[in-house]
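Descriptive structure summary
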Amino acid sequence: MITVTINDKEIKLEKAVTVLEAARSAGITIPTLCYHEQLERYGGCRLCLVEVEKMPRLQTACTLMVADGMVVRTETEQIADVRRGILEFLLINHPLDCPYCDKAGECTLQDLVEKYGPGKGRFKEKKRKVPESLQDPVIVRNMERCIMCTRCVRMCEGPQGASAIAVINRGGHSHIEPFSGGRFDCEYCGNCVSVCPVGAIMSRLHRHSYRPWQVKEQYETVCPYCGVGCTVITQVRDDVIKRVIPKLGSSVNNGMLCSRGRFGYEFVGDNDRLTTPLIRKNGVLAEATWEEAITLVAKKLSEIKIASGSEAIAGIASPRCTNEDNYVFQKFMRAVIGSNNIDTTARTGYAGAQSFIENIFGQGATANIISGLANSDTVMVIGGDPTTVNPILGLQIRACARRGGNVLTIGDFAGLSKFSPKKLLPGKYTETILLEAIVTALREKKGLSGSNGPLESKIKDISVTAADAAAKCGVPEQQLSAFVDLLAGAATYSLVIGKEIVQSTGGSYKLLLLAAINYLANGRIYMLTEKANEQGALDMGCAPDLLPGYRPVAFPEFAKKYGAQWHAEISEKPGLNLFAMIDAAENGSLKAMYVMGENAVCNIPNSGRVEKALKNLDFLVVQDIFLTETAKLADVVLPALAWAEKGGTFTNMERRIQLVRKSVQREGLEDWKIIAEIAKNMGYGMEYVSSEGVFHEIAKVSPLYRDLTYEDIGKGENIYPYKGEPLRDVKEDIQVDTASAVASAGKLYLQIERPLFHSGTLSTRAASLRNIYPQAVARISSATAKALSLTEGDVVNVRTKAGSLSLFVAIDKDGDSSAVAISNNFERKGAFRLADYALDQVTKAPCIDAVEISIEKVTA
């Protein structure tokens, strides 16, 4: 125990910390400008100077470690004089434009000058003049206000790991500038904005639109984009979200955000939001009342159920909607419609892959804490760039590298390229052979522990030498050997798996090989997930074969138990999955579909076929916040409330349950309330009065969420396995699909680009993100551009067997010369319009990795 006295207050500490941290723990404020909780100690601004007994000079509290018996004073006349002098120096060039500056009211410099002075400056020289930079669409720089604390640079180089900005010039001419010049060429995380103590670097989104003291409400909630589930704070004025900021100390993101989380909130107030129900009349969607729309939906679904049976109706739930929305939706499908035809777009990868891995290692095998990646000594990444799919998770991998850990990648991921990854770059579609070679070598080095018999029996059957791998996939034996040595020597190993592996030919076999590597290295598995509540939708039973809490619907005792809870007869017959629904709609056996919060046309591969299948339905209901590609095909469109307009819960990739809090008021109905009204009109009562009431039923019905409450979640009792009873481990034989793809020389193949700045089509409704990444492009390598005589900005037709698109060309000098990368974020311009697929026979995920593509320049 260390005892230190600060301002006559005795403080006891269990470990050595800085004087600044000790003072703050006791509620004593020491002023700082260069210090920030997320950054390494710097000691540059000198405002934190304190007196320490038996030390002849003032000491910087942010760098001085406490010692037992130390006596410190933080406020004396001498200290005040020094602080006043420092502030006077800072004001030599700092403009006195507080009435105009957006930072006024939350400016640290302003607060310190108000407390310590000086009231008047003595310097007569002219202030430094630096033109304000408005060249960037998202971030504005005013270097006249910069005090050179370097917080922004240290944030960008340190926790963010982007190294996109630096101090340029020297002395009084020093200022901060992006390496790209006027406009930023960076990850647009905005974390530099968060740490700037003055108004030097600020967001343009709310420029001159409000003052900090005019923010009347702020709400702690969860980011609506990816599966990391970052804690954010929405700041609201006049029922409009003015700003979204991160929460320091959050267990998930600890004050960090990505571009989507910080700037992507604008979709909530977009002018294209649906505000009234629409009913198709004479082939055209026309406005209708809620009563008309709900009555029509209930009537048509009832008629189809009577005429064609419950199995003729299907529902698609949403990983964008809350747990409460998804629970009520699957209950509606099972208890009111009488069908298990319920699924989500998690079926395109996450659902099947997680089920496969849990069948090997048990329930919760992928429920690992994200911050654990930073504490690993070895992290292996395959199947996607985590810094673009799940950016905050990607930062933890960068942190692992900064701490001396090994980052191993199979493939080339730009977001990790600056962190000395040990890369293996197999030839196109030869990952299987490489993984088999790694398993073989690792088994020889580590042996088998005997703790997982079914998996070990598979491992024993694998035998590929390093020489075989070198010959077939082009990875030198020496590189492979060094890679395996690092895996074998890992004490705390983590494996990160992206969707590209799951959506590849033979994906289930590759997952088996990755599971084997993880088993031999005794590691943890992380699965990248693109939507905010994919995990929660699965937990709620939005799957054709599983009830809430992962109880198999085919087990009679479970069907009866849930039926008794819901006062309905639940079918024991597993329903159609996402892809079977499209097949059934296409062949006419499926008559009606209810789509909640999902743009199925855009987010299911082979969009053209999906569109035709949905047009073949007798009745299509779409419930969404925008008139999406799917909604435009509907017979009835029901406008729902968006993420910030309702309460509920999300479950992130760690299986951490978090509260989504309502931030702004808007006329309309929550998704679960719309469904409850339709159920009521079909003769089934759902008497919920709030999302908390829905969750109360979830906690009674689902063994996974047993006895959990909103209060528990708010207190942090939200980590898997919660209070629930252990889930039954119904393990099956390990089955794999060993299909393989072969690349042909000289051919180009479709690659799904997953850009940092977009997530689904939702982010394209945020103006700032559109300004950064405005449109879909065909991204090709310099070699491909040269071979086809293409230049940046040319218009090309890209074509596959599934369809064609007209796109602008973007050239990536480090791109794959055998691939054309296209994102799936822009309506009617998405990559899934080009992607035909076959299903993996085990995971049921679409295999979209071997789609040949041609490019033809459009001439005027």
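Above this text you will find the structure in question.
Residues numbered from 1 in each chain as written. Predicted model: local features only at pLDDT ≥ 70, side-chain atom pairs only at ≥ 80, totals over all residues. Heavy atoms only, no water.

A closer look at the overall build of the protein
Each helix and strand in the protein was counted, giving 27 helices and 36 strands. At 29 Å, the protein has a C-alpha radius of gyration in line with the 29 Å of a compact globule built from 860 residues. If you line up the protein on its principal axes, its C-alpha atoms span 90 × 70 × 70 Å. When each of the 860 residues of the protein is scored for burial, the buried share is 61%. Within the protein, contacts between residues separated by at least 24 positions form 71% of all contacts whose residues are at least 6 apart in sequence. For the protein, the exposed surface amounts to about 34000 Å²; the carbon and sulfur share of it is 48%. Distance between charge centres in the protein, computed from 100 positive and 99 negative side chains, equals 4 Å. (Helix = DSSP H or I, 4+ residues; strand = E, 2+ residues; numbered from the N terminus. Rg over C-alpha atoms; globule rule 2.2 N^0.38 Å. Buried < 20%, exposed > 50% of the residue type's maximum accessible area, 1.4 Å probe, protein only. Contact = heavy atoms within 4.5 Å. Areas by Shrake-Rupley, 256 points an atom, 1.4 Å probe, with all protein chains shown as cover. Lys, Arg positive; Asp, Glu negative; His and termini not counted. Charge placed at Lys NZ, Arg CZ, Asp CG, Glu CD.)

Some thoughts on the sheet that holds strand β21 (residues 524–527)
What the 5 strands build is an open sheet, ordered β19-β18-β17-β20-β21; its pairing is parallel. Pairing within the sheet leaves two strands with one partner each, and these edge strands are β19 (422–424) and β21. Strand-to-strand, the axes of this sheet are offset by a mean angle of 15°, without reference to chain direction. Sheet analysis places strand β18 (residues 406–410) next to β19, joined by 3 bridges and oriented parallel. Note on β19: the bridge partner recorded for Ile410 is Leu424. Most of the contacts of helix α9 (residues 350–361) go to β21, to which it runs at about 170°, and overall it touches β20 (493–497) and β21. Helix-sheet contacts for helix α17 (residues 507–521) involve β17 (378–382), β20 and β21, and the interaxial angle to β20 is about 165°. (Pairing = 2+ DSSP bridges. Axes fitted to C-alpha atoms, helices over the stretch in contact; angles between N-to-C directions.)

A closer look at the side chain of His758
Within the fold, His758 resides in the loop between β29 (748–753) and α26 (767–772). Engagement of the side chain of His758 in a polar contact is seen with the backbone oxygen of Tyr773, the distance being 2.9 Å. In contact with His758, not counting residues within four places along its chain, are Arg260, Ser763, Thr764, Leu769, Arg770, Tyr773, Asn825 and Phe826. (Polar contact = N/O pair within 3.5 Å; in protein donor to acceptor, adjacent residues only side chain to side chain.)

A look at helix α15 (residues 477–488)
Taking 1.5 Å per residue as the helical rise, α15 with its 12 residues ought to reach 16 Å, and the 16 Å between its terminal C-alpha atoms agrees with that figure. Of the positions making up α15, those classed as buried are Leu480, Phe483, Val484, Leu487 and Ala488. When α15 is viewed along its axis, its buried side chains cluster within an angular range of 135° and face the same direction. (Expected span 1.5 Å × (residues − 1). Arc of directions from axis to C-beta.)

A word on the environment of Glu557
For Glu557, the position within the fold is in helix α19 (residues 556–566). Between the alpha carbons of Glu557 and Glu572 there is a distance of 9.5 Å; along the sequence they are 15 residues apart.

Regarding the nonpolar core
Proteins that are soluble and globular tend to have nonpolar side chains buried together. Ranked by size, the top nonpolar core spans 262 residues in total, and within it Phe332 and Met380 carry the most contacts. Of the residues forming this core, the biggest block, 11 residues, is contributed by α17. Look past the residues within four positions of Met380 in its chain and what remains in contact with it is Leu408, Ile410, Leu435, Phe483, Leu487, Tyr493, Ser494, Leu495, Val496, Leu514 and Ile517. In this structure, Ile2, Ile11, Leu20 and Met70 belong to the second largest nonpolar core, which totals 23 residues. (Core = buried A, V, L, I, M, F, W, Y, C linked by side-chain atoms within 4.5 Å.)

Description of the environment of Thr5
Here Thr5 is to be found in strand β1 (residues 2–6). Residues Thr5 and Arg73 lie 68 residues apart in sequence; the distance between their C-alpha atoms is 8.5 Å. Non-local contacts of Thr5, meaning those with residues more than four positions away in its chain, are made with Glu10, Met70, Val71 and Val72.

Concerning the state of the cysteines
In this structure the tally under the stated criterion is 0 disulfides. Between Cys34, a cysteine without a disulfide, and Cys45, which holds the nearest cysteine sulfur, the sulfur-to-sulfur distance is 3.7 Å. Of all cysteine sulfurs, the one in Cys223 lies closest to Cys258, which takes part in no disulfide; the gap is 6.0 Å. (Disulfide = S-S within 2.5 Å.)

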